[in-house]
Amino acid sequence: MKTLAVLGAGAWGTALANSAARNHDKVWIWAHEPWLAADMRKDRENKARLPGAPLADCIEPTDDLDCVREADHILMVTPAQVVRSVCVSLKGRLRPDSVVVSCAKGIERGTGLYMREVLADVLPDQPGAALSGPSFAEDVGRGLPTAVTLAADRIELAEMLSDRLASPHFRLYRSDDLKGVEIGGAVKNVLAIACGVTMGRGLGASAHAALLARGFAELRRFALAQGAKTETLMGLSGLGDLALTCSSPQSRNYSLGFAIGQGEKPQVAGRGALTEGAWTAPILTAKARSLGVEMPIAEAVQAILEERTAVADAIGALMSRPFKAEG
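Nothing here was measured: the structure is a model prediction, and the numbers come from that model.

Further remarks concern the packing of helix α3 (residues 83–90) against helix α4 (residues 115–122). Helix-helix packing is characterised by the crossing angle of the two axes and by the distance between the axes. α4 packs onto α3 with a crossing angle of 30 degrees between their chain directions and a minimal axis gap of 9 Å. The orientation of α3 with respect to α4, classified from their angle, is roughly parallel. The hand of the α3/α4 crossing is right-handed. Contact residues: α3 offers Val83, Arg84, Cys87 and Val88, while α4 offers Met115, Val118, Leu119, Asp121 and Val122.

Okay, here's the thing in structure tokens:
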């Protein structure tokens, strides 16, 4: 039997479980909240997080982490800042050959590690990979065409996982550039907040396009300084994910920025939704400064979120930066 465990029963975890169900005999989906697992078993749908997407017959919701004991592969789809604690709970439960695939996008607070690095730190003996790219849970859940990148340190592993997780509507491109794939997924969330602020402020499509382009320049500088490959940054997990997340209210990060741009306080604008960019911004800017990489847009987002500067002042500061060659 081919068995998969999806850890995290949010919208994205549910969508991935449904997509992968086609190639597996059994798919466990683990929910941290017992009530959510019970509701999903009863309703055969995740009405709380992804309504309108019935669960495939082979999907088994659970709140018991022991489900990973029989899994060939594990998709880690929890929020970025709890990946470490879940990994600690997995110790002693995993098969030696089980591959843990990071599907969270962010940088860990306190350590500055990307999600695959957190997995390697806690579970050093488990083979690992990372999945990232331009994808909304609702689109994947509805079976709409989507393409993402799956990266592993060995291209053969990335190829095997891509074959196992792909479906007619969910296409995976393989890569061995783990660092580049994870940086793209983490940084774009912060830049999406900036683009949301621009549109919420009513600054127009021209300003949005300029911010998107200059944001990509920041992402590129930051990633290349850490050894990422240019082709990765120009691909699905880099420019592709950035373009999607920075342009749609389906993105919680963009929506947070839009509300702030319309005058709401950052603490109110999120409305309780998880916005990874808000968690990532201070870690990203600290990491960039340590690398000697200029990221003025990310710095402005952090200042706005911390209410150290007003939106108008942040925009004015960006527009008054010294003229220089593009790059």
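There is more to say after this.
Turning our eyes to something else, we now look at the UniProt feature "binding site: substrate" (unreviewed entry) in the protein. Those residues carrying the UniProt feature "binding site: substrate" (unreviewed entry) are Lys105, Arg252 and Asn253 in this numbering. Maximum C-alpha separation among the annotated residues is 13.1 Å over a sequence range of 149 residues, consistent with a single clustered spot. Mapped onto the secondary structure, Lys105 falls in the loop between β7 (99–102) and α4. Those residues in contact with Lys105 that lie beyond four places of it in its chain are Ala80, Ser132, Gly133, Gly185, Ala186, Lys188, Asn189, Asp241 and Glu276. A polar side-chain atom of Lys105 sits 3.1 Å from the main-chain carbonyl oxygen of Gly133. Mapped onto the secondary structure, Asn253 falls in helix α11 (residues 252–261). When near neighbours in sequence (up to four residues on either side) are disregarded, Asn253 contacts Asn189, Ala192, Ile193, Thr275, Glu276, Gly277 and Ala278.

Either a parallel or an antiparallel arrangement is found when strands of a sheet pair, and the pairing is made through backbone hydrogen bonds. With mixed pairing, 8 strands are arranged side by side in an open sheet as β5-β2-β1-β6-β7-β8-β9-β10. Looking at the sheet topology across the chains shown, the edges are occupied by β5 (59–62) and β10 (170–175). Taking each pair of neighbouring strands and ignoring which way they run, the sheet shows an average axis angle of 25 degrees. Bridge count for strand β6 (residues 73–76) against β7 is 4 bridges, and the pairing is parallel. Within β7, the position partnered with Met76 by the bridge is Ser102. Seen against the sheet, α3 touches β1 (3–7), β2 (26–30) and β6 and runs at an angle of roughly 155 degrees to β6.

Below, the discussion takes up α11. Burial runs high along α11: 7 of the 10 residues are buried. If you check which residues of α11 are buried, you get Asn253, Tyr254, Leu256, Gly257, Ala259, Ile260 and Gly261. Considering only its buried residues, α11 is in contact with α7 (178–200), α10 (236–245), α12 (266–269), α13 (276–291), α14 (296–305) and α15 (311–319). With a side-chain oxygen lying 3.3 Å from the backbone nitrogen of Asn253, the N-terminal cap of α11 falls on Ser251. Downstream of α11 by a residue or two, Gly263 has a phi angle that is positive, lying close to 110 degrees.

Let's shift gears to the nonpolar core. One broad rule of soluble globular proteins: the nonpolar side chains tend to lie buried together. In terms of nonpolar packing, the biggest core is built from 41 residues, with Val187, Phe222, Ile260, Leu284 and Met295 touching the most fellow members. Elements that contribute at least two residues to this core include exactly α7, α8 (205–224), α11, α13, α14 and α15. Here this core gets 10 residues from one element, more than from any other, and that element is α7. Beyond its immediate chain neighbours, meaning those up to four positions away, Leu284 contacts Ile107, Val187, Val190, Phe222, Met295 and Ala298. Grouped together as the second largest cluster of nonpolar side chains are 38 residues, Val6, Ala137, Val148 and Leu150 included.

The next point concerns the UniProt feature "binding site: NAD(+)" (unreviewed entry) in the protein. Annotation from UniProt places "binding site: NAD(+)" (unreviewed entry) at Gly8, Ala9, Gly10, Ala11, Trp12, Gly13, Ala137 and Arg252. In this fold, Ala137 is placed in helix α5 (residues 137–141). One can find Arg252 in helix α11. In this structure, Arg252 is in contact with Ala273, Leu274 and Thr275, ignoring residues within four places of it in sequence.

In this section: the environment of Gly215. Of note, Gly215 is situated in helix α8. Gly215 sits in the buried class, given a relative accessible area of 2%. Distance from Gly215 to Ala298, taken between C-alpha atoms, is 8.2 Å for residues 83 residues apart in sequence. Residues in contact with Gly215, not counting those within four places in the same chain, are Leu191 and Ile297.

Criteria and cut-off values
Residues numbered from 1 in each chain as written. Predicted model: local features only at pLDDT ≥ 70, side-chain atom pairs only at ≥ 80, totals over all residues. Heavy atoms only, no water. Axes fitted to C-alpha atoms, helices over the stretch in contact; angles between N-to-C directions. Helix = DSSP H or I, 4+ residues; strand = E, 2+ residues; numbered from the N terminus. Parallel < 35°, antiparallel > 145°, perpendicular 65-115°, else oblique. Left-handed = near helix turned anticlockwise from the far one by under 90°. Contact = heavy atoms within 4.5 Å. UniProt positions renumbered as here; feature names shortened; annotations may be inferred. Polar contact = N/O pair within 3.5 Å; in protein donor to acceptor, adjacent residues only side chain to side chain. Pairing = 2+ DSSP bridges. Buried < 20%, exposed > 50% of the residue type's maximum accessible area, 1.4 Å probe, protein only. Core = buried A, V, L, I, M, F, W, Y, C linked by side-chain atoms within 4.5 Å.

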